[in-house]
Structure formats: structure tokens, C-alpha cells
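# Fold and contact review
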Amino acid sequence: IRRGARLVADDRMHLAARGGRLIAIAPAAAHGLIELRGRGPVPVPHERSCVISLVADIVSGNELERLPEDTQMAAVLHGVAIPRQPVPETFEHALELVTAALDVLSEAGNMGLRSARLWG
């Protein structure tokens, strides 16, 4: 969020396959709220829904392949294939891998960044 993203949901969301895309929709009870540990839920700028363009899959350090196979770089959710980036539990390395994956998607024109409000 500090880097310009907008919140859809803090830790739970509804997923739906629509038009060959995977859509994330915020649950009504937590719409526009993020939990700030030590303070509780606080309102933040948000979107009701969005298109999922990348799955960042947290894996333990010993499960992170040095040179993953192509088959490990995709996930299928609700029948929709989504690019997948396995990431370790450590923030800096995870951020580096997610940034690289998003750069590849952006160069391929596969970001799906337009709002999914029509779906929500």
C-alpha cells in the first residue's frame, strides 16, 4: 500500500472465476479495513474487487527451488490458470521475487490491472 497499491482485503477474500479471469472480492464486514497490530482495524483507501494477476505462494526456505520448472510457476484457482511465484518467508527476498515476477508480467502485457468493479 505504501508503494501505491490499494487494499482489496486484509486476510480473507471471496474468489470468483469470471470471463476467464480470477476476481478477488472483499467481504462486506472488512471492506476498506486493514488490521494494524496493536491498534486494530483502521480504514485505508481500497477497492471492492480486483483481477488476480499473480499468486505469491509462501514456501519454507528448503522448498524454494533454485531453478523451478515451468510447471511450478502457475497455479489453478477456480479453474483459472494464474502465474505463480514461490517466495520464502523472509520479506526482502520475497519482495525481490514478487517484483521480478510483476516486471515479467508487465513486460508481457499480462498485468490485468484494470479494476474489476464490474465483477464485484
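The structure presented is a predicted model; accordingly, all values stated were derived computationally and were not measured.

## Examining the nonpolar core
- Within the largest apolar cluster, 7 residues are counted, these being Leu-22, Ala-24, Ile-52, Val-55, Ala-75, Val-80 and Ile-82.
- Where this core is concerned, the elements lending two or more residues are β2 (21-25) and β8 (80-87).
- Setting aside anything within four residues of it in sequence, one finds Ala-24 in contact with Val-8, Met-13, His-14, Leu-15, Arg-48, Ser-49, Cys-50 and Ile-52.

## Let's talk about the confidence of the model for the protein chain
- Across the protein chain, the average pLDDT comes to 86, with 91% of residues at or above 70.
- In the predicted structure, residues 113-120 sits below a pLDDT of 50 and forms 16 contacts with residues beyond four places in sequence or in another chain.

## Quick look at the pattern of salt bridges
- Applying the stated criterion across every chain, the model contains 2 salt bridges.
- The residue Arg-6 makes a salt bridge to Glu-47 at a minimum N-O spacing of 3.1 Å. In this pair, Arg-6 sits in the segment before β1 (14-18) while Glu-47 sits in the loop between β4 (40-43) and β5 (49-51), placing the two residues 41 residues apart along the sequence.
- For the salt bridge of Arg-84 with Asp-57, the shortest nitrogen-to-oxygen distance reads 2.8 Å. Taken as a pair, Arg-84 in strand β8 and Asp-57 in strand β6 (residues 55-58) lie far apart in primary sequence, 27 residues in all.
- Residue class for Arg-84 comes out buried when judged on its relative accessible area of 16%.
- A relative accessible area of 28% means that Asp-57 is categorised as partly exposed.

## Digging into the sheet that holds β5
- Pairing in this open sheet of 3 strands is antiparallel, and the strands run β1-β2-β5 from one edge to the other. Each edge of the sheet is formed by a strand with only one pairing partner; in this case those strands are β1 and β5. Each adjacent strand pair in this sheet contributes to an overall mean axis angle of 25°, direction not counted.
- Bridge analysis of β2 against β5 gives 3 bridges, and the strand direction is antiparallel. Following the sheet pairing, Ile-23 is matched in β5 by Val-51.

Thresholds applied
Residues numbered from 1 in each chain as written. Predicted model: local features only at pLDDT ≥ 70, side-chain atom pairs only at ≥ 80, totals over all residues. Heavy atoms only, no water. Core = buried A, V, L, I, M, F, W, Y, C linked by side-chain atoms within 4.5 Å. Buried < 20%, exposed > 50% of the residue type's maximum accessible area, 1.4 Å probe, protein only. Helix = DSSP H or I, 4+ residues; strand = E, 2+ residues; numbered from the N terminus. Contact = heavy atoms within 4.5 Å. pLDDT = per-residue confidence, 0-100. Salt bridge = Lys/Arg side-chain N within 4 Å of Asp/Glu carboxyl O. Pairing = 2+ DSSP bridges. Axes fitted to C-alpha atoms, helices over the stretch in contact; angles between N-to-C directions.

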